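Chain and residue survey
Letter by letter, the chains look like this.
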Amino acid sequence: MLGDLTGLDVLEYGCGGAQWSIALAGEGALPVALDQSRAQLRHARDAMRRAGVGFPLICASGERVPLANSSFDVVFCDHGAMSFCDPDRSLVEVARILRPGGRFAFSHTTPWPYLAWNPKRERVGRRLRGRYFGMRSFASSEGTVDFQLPYGEWIRRFRAHDFVVDDLVELRAPKDASTTYPDFDPRWARRWPAEQIWKLRKE
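Now for a look at the structure at hand. Just so it is clear, the model here is predicted, and its values are computed rather than measured.

**Comments concerning the pattern of salt bridges**
For the structure on display, the rule yields 12 salt bridges. Notably, a salt bridge pairs Arg157 with Asp88, separated by 2.7 Å at the nearest N-O pair. A residue pair is termed long-range when its members are at least 10 positions apart, and Arg157 in helix α6 (residues 151–160) and Asp88 in helix α4 (residues 87–97) qualify at 69 residues. The structure contains a network of salt bridges with shared partners spanning Asp86, Asp88, Arg136, Glu153 and Arg157.

This is the structure we're talking about:
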């Protein structure tokens, strides 16, 4: 999804334990990892030490990134800041810190599991229950808020910040898939996309 990152300045945007940045540093990228959780960054620091790599860890919100304009060739996140930050703020920040021609890729949950959520069974069902139009955020019982927009709204926001959509990859679970998430059914994710990856480029 990211292509060859050798020698490129890369920001992992909402890194958690920075597993991806650690792997990419071993392949020649120049990563910086950002997360607002100090606990996650402590895990990242320990993992970096075990892997024998070093790069900056930044404790900050994805809605207010304390890094200079045009600092990165690539920004990416795997269920990171683009899931949990207000897109009207996060997209401004990504556009600001990316260099012209830079790449932006992020994975997150599709809107369909939220719209098909069965609150009585506390799991995703096979019937749409929520409203697609006008959706913006969904609060979870764990205390997090996930942001979702209709597809047309995503595209209009991308264009407003000079992003070109290169691809939208809708992931499909393989036939023999399993999951550790009790509220999810791999067979559901075989029939309907539960996750997706946007691939963008800054003009």
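**So, the nonpolar core**
Counting 28 residues, the largest nonpolar core has Leu11, Tyr13, Val75, Phe104, Phe106 and Phe163 as its most contacted members. Listing elements by their share of this core, those giving two or more residues are β1 (9–13), β2 (30–35), β4 (72–78), α3 (81–84), α4, β5 (98–109), α6 and β11 (195–202). With near-sequence residues (within four places) excluded, Phe106 lies in contact with Cys77, Met82, Trp154, Phe158, Gln196, Ile197, Trp198 and Leu200. Counting 10 residues, the second largest nonpolar core, distinct from the first, contains Cys15, Ala33, Ala44 and Leu57.

**Brief notes about the state of the cysteines**
Considering all chains together, one arrives at 0 disulfides under this definition. Counting only cysteine sulfurs, Cys15 is the nearest neighbor of Cys59, a cysteine outside any disulfide, at a range of 9.4 Å. Among the residues examined, Cys59 registers a relative accessible area of 33% and is labelled partly exposed. Free of any disulfide, Cys85 has its nearest neighbouring cysteine sulfur in Cys77, separated by 8.7 Å. Relative accessible area serves as the criterion here: at 8%, Cys85 is assigned to the buried category.

**Comments concerning the pairing of β2**
Most of β2 sits out of view: 5 of its 6 residues are buried. Between the parallel pair β1 and β2, the chain is carried across by helix α1 (residues 19–26), and the sense of this crossover is right-handed. Taken together, the 3 bridges between β2 and strand β3 (residues 57–59) define a ladder with parallel strand orientation. Opposite Ala33, over in β3, you have Leu57 as the bridge partner. For the segment spanning β2, helix α2 (residues 38–51) and β3, crossover handedness is right-handed.

**Let's talk about the environment of Ala39**
By the secondary structure assignment, Ala39 is in helix α2. A sequence separation of 109 residues divides Ala39 from Gln148, and the C-alpha atoms of the two residues are 26 Å apart.

**Section: α1**
By the burial criterion, the buried members of α1 are Ser21, Ile22 and Leu24. In an axial view of α1, the angular spread of the buried residues amounts to 165°, which keeps them on one side of the axis. Of the exposed residues in α1, those oriented more than 90 degrees away from the buried face are Gln19 and Gly26. In this structure, the buried side of α1 is in contact with β1, β2, α2 and β4. Gly28 lies just past α1 and shows a positive phi near 100°.

Conventions and cut-offs
- Residues numbered from 1 in each chain as written.
- Predicted model: local features only at pLDDT ≥ 70, side-chain atom pairs only at ≥ 80, totals over all residues.
- Heavy atoms only, no water.
- Salt bridge = Lys/Arg side-chain N within 4 Å of Asp/Glu carboxyl O.
- Helix = DSSP H or I, 4+ residues; strand = E, 2+ residues; numbered from the N terminus.
- Core = buried A, V, L, I, M, F, W, Y, C linked by side-chain atoms within 4.5 Å.
- Buried < 20%, exposed > 50% of the residue type's maximum accessible area, 1.4 Å probe, protein only.
- Contact = heavy atoms within 4.5 Å.
- Disulfide = S-S within 2.5 Å.
- Right-handed = clockwise from strand over helix to strand, strands pointing away.
- Pairing = 2+ DSSP bridges.
- Arc of directions from axis to C-beta.

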